[in-house]
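# Working through the structure, step by step
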Amino acid sequence: MKEILDAIQSPDSSSADFAALPLPDSYRAITVHKDETEMFAGLTTRDKDPRKSIHLDDVPVPELGPGEALVAVMASSVNYNSVWTSIFEPLPTFGFLERYGKLSELTKRHDLPYHIIGSDLAGVVLRTGPGVNAWRPGDEVVAHCLSVELESSDGHNDTMLDPEQRIWGFETNFGGLAEIALVKSNQLMPKPDHLSWEEAAAPGLVNSTAYRQLVSRNGAGMKQGDNVLIWGASGGLGSYATQFALAGGANPICVVSSEQKAGICRAMGAEAIIDRTAEDYKFWKDEHTQDPKEWKRFGKRIRELTGGEDVDIVFEHPGRETFGASVYVTRKGGTIVTCASTSGYNHEYDNRYLWMSLKRIIGSHFANYREAWEANRLIAKGKIHPTLSKVYSLEETGQAAYDVHRNLHQGKVGVLCLAPEEGMGVRDHDKRAQHIDAINRFRNI
Ligand SMILES: C/C=C/C(=O)SCCNC(=O)CCNC(=O)[C@H](O)C(C)(C)COP(=O)(O)OP(=O)(O)OC[C@H]1O[C@@H](n2cnc3c(N)ncnc32)[C@H](O)[C@@H]1OP(=O)(O)O
Ligand SMILES: NC(=O)C1=CN([C@@H]2O[C@H](COP(=O)(O)OP(=O)(O)OC[C@H]3O[C@@H](n4cnc5c(N)ncnc54)[C@H](OP(=O)(O)O)[C@@H]3O)[C@@H](O)[C@H]2O)C=CC1
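Residues numbered from 1 in each chain as written. Chains lettered and ligands numbered in written order. Predicted model: local features only at pLDDT ≥ 70, side-chain atom pairs only at ≥ 80, totals over all residues. Heavy atoms only, no water.

### Topic: the side chain of aspartate 226
Within the fold, aspartate 226 resides in the loop between helix H7 (204–215) and strand S11 (227–230). In terms of polar contacts, aspartate 226 uses its side chain to reach the side chain of lysine 223, at 2.8 Å. With residues near it in sequence (within four places) discarded, aspartate 226 still touches Ala250, Asn251, Asp312 and Ile313. (Helix = DSSP H or I, 4+ residues; strand = E, 2+ residues; numbered from the N terminus. Polar contact = N/O pair within 3.5 Å; in protein donor to acceptor, adjacent residues only side chain to side chain. Contact = heavy atoms within 4.5 Å.)

In structure tokens:
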């Protein structure tokens, strides 16, 4: 592994040098274990502690198949899907690996008693499999997390609709929280050259998801002037949704849970901000009963901030706790676009406010190949910036996932894999200098 790192750090290494490097037999990777999926039985979701289930193991390098690449991972990031994996909710991810393992001789590799997790990476291509021509050993890359087979025509218009669509590092093995990762070569995209490894690894999953959910015609198709209500506006998804709204000429109404997070949204350029803690919204009177008066109070606050207008789009992901309010406050003809249910997946809302006001609920999940590429292009052009706050070592990934699970973090949390320290891997210093304040906006807060 040292030889690989030396080659990455040497400005003189050629593609041939990388191709000639011997691969190690094994590498360090963040895993969860199949024989531990019951370890949190009886605990509440909140009390399930990723620090107990997440392991750092030495694992063998997987066999490389056609159309695939092995990547030396310099840095990765924590996504909420790794929180779900580590608390075995809503179900253990080993079922996904078993199902994938049944697809073909080659996919059998994924069905193991350990799951190497992680759905983001920035690193360097080490090897490519047969049929890969667009990428070569030595290329500096990031990887998006869409894994598809594309053998069915169902996914040929929109690759997210492939019946074998999976999220790499969640529904497949050999993910990015590791020193080496296995990806399909179609997941690879150029690393933005003005960013460090950990900055480049931070946006991937959430930036692509927010792009489809908010900007793409497959999602809400946001346009100039739209009022966009963004839950968790300084969190993983929300920090990119807020940037897309601002960059696209829309008007974000940012919901956050503290004055500090409100300050971050202001620093991004948002003006309309709601501190849900300070204003103490209680959308649920008890576990089973919502309080429409609270929906109305929330809607009135939005109208105060917009000069009397309701929201064209709600960027939803908290789920059960907020969904009734989200449907209520949406403008006549507006769109609630949802990609998650952090607080519970059985949503309840008053359907009269949906049909009588001709509103639409759209389901959105990650991003297709093209959307992921477009989202990465905006990062590379310095139009959208990473929202990296804190960076952990690979050994500390359990703590990093704990922070995200307990909502103790801001924006994105990074993890150094092979990179020995932060700040390495920047190739275009002039471009970086132009955007340095925006790149550092979330750091160390
Ligand atoms: C990018 C990052 C993203 C995120 O962070 S997202 C957040 C994290 N993700 C999650 O929380 C989602 C985790 N996944 C799940 O909870 C489950 O994954 C799903 C609920 C999404 C699906 O569950 P399943 O058990 O896979 O699906 P089924 O449809 O309940 O069962 C599959 C069997 O049901 C059959 N079936 C499907 N549709 C129908 C139908 N319309 N009528 C009859 N049968 C149907 C299938 O064929 C198959 O059958 P056969 O088991 O025999 O293969
Ligand atoms: N389908 C897909 O493709 C994707 C789905 N997801 C899912 O989206 C969800 C959010 O992911 P991500 O943004 O990365 O996570 P983060 O934890 O980084 O951010 C979510 C933010 O939402 C807010 N929030 C959390 N719970 C509630 C609640 N009950 N009511 C109101 N606001 C709440 C919090 O902000 P604050 O406290 O400031 O209000 C929190 O910071 C996860 O469930 C994840 O699995 C994520 C990416 C892709």
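### Overview of the site of ligand 1
Lining the immediate surroundings of ligand 1 are Asn81, Trp84, Pro90, Leu91, Phe96, Arg99, Ile167, Phe170, Leu205 and His365. The side chain of arginine 99 places a nitrogen or oxygen atom 3.2 Å from an oxygen atom of ligand 1. The fraction of the free accessible surface of ligand 1 (1100 Å²) that becomes covered by protein chains is 35%. Elements with a minimum of two residues in the shell around ligand 1: helix H4 (80–87) and helix H5 (94–101). Broken down by class, the residue content of the shell around ligand 1 amounts to 7 nonpolar, 2 polar and 1 charged. (Near = heavy atom within 4 Å. Areas by Shrake-Rupley, 256 points an atom, 1.4 Å probe, with all protein chains shown as cover. Nonpolar A, V, L, I, M, F, W, Y, C, P; charged D, E, K, R; others polar.)

### Here we look at the sheet that holds strand S4 (residues 114–116)
Strand order in the open sheet formed by 3 strands is S2-S1-S4, with antiparallel pairing between adjacent strands. In this open sheet, the two strands that pair with only one neighbour each are strand S2 (55–60) and S4. Across the sheet, the mean angle separating the axes of adjacent strands is 60° when strand polarity is ignored. When strand S1 (residues 26–33) meets S2, the two strands line up antiparallel, connected through 6 bridges. Pairing of tyrosine 27 across the sheet is with valine 59, part of S2. Running over the sheet, H5 touches S1 and S4 and is turned about 90° from S4. (Pairing = 2+ DSSP bridges. Axes fitted to C-alpha atoms, helices over the stretch in contact; angles between N-to-C directions.)

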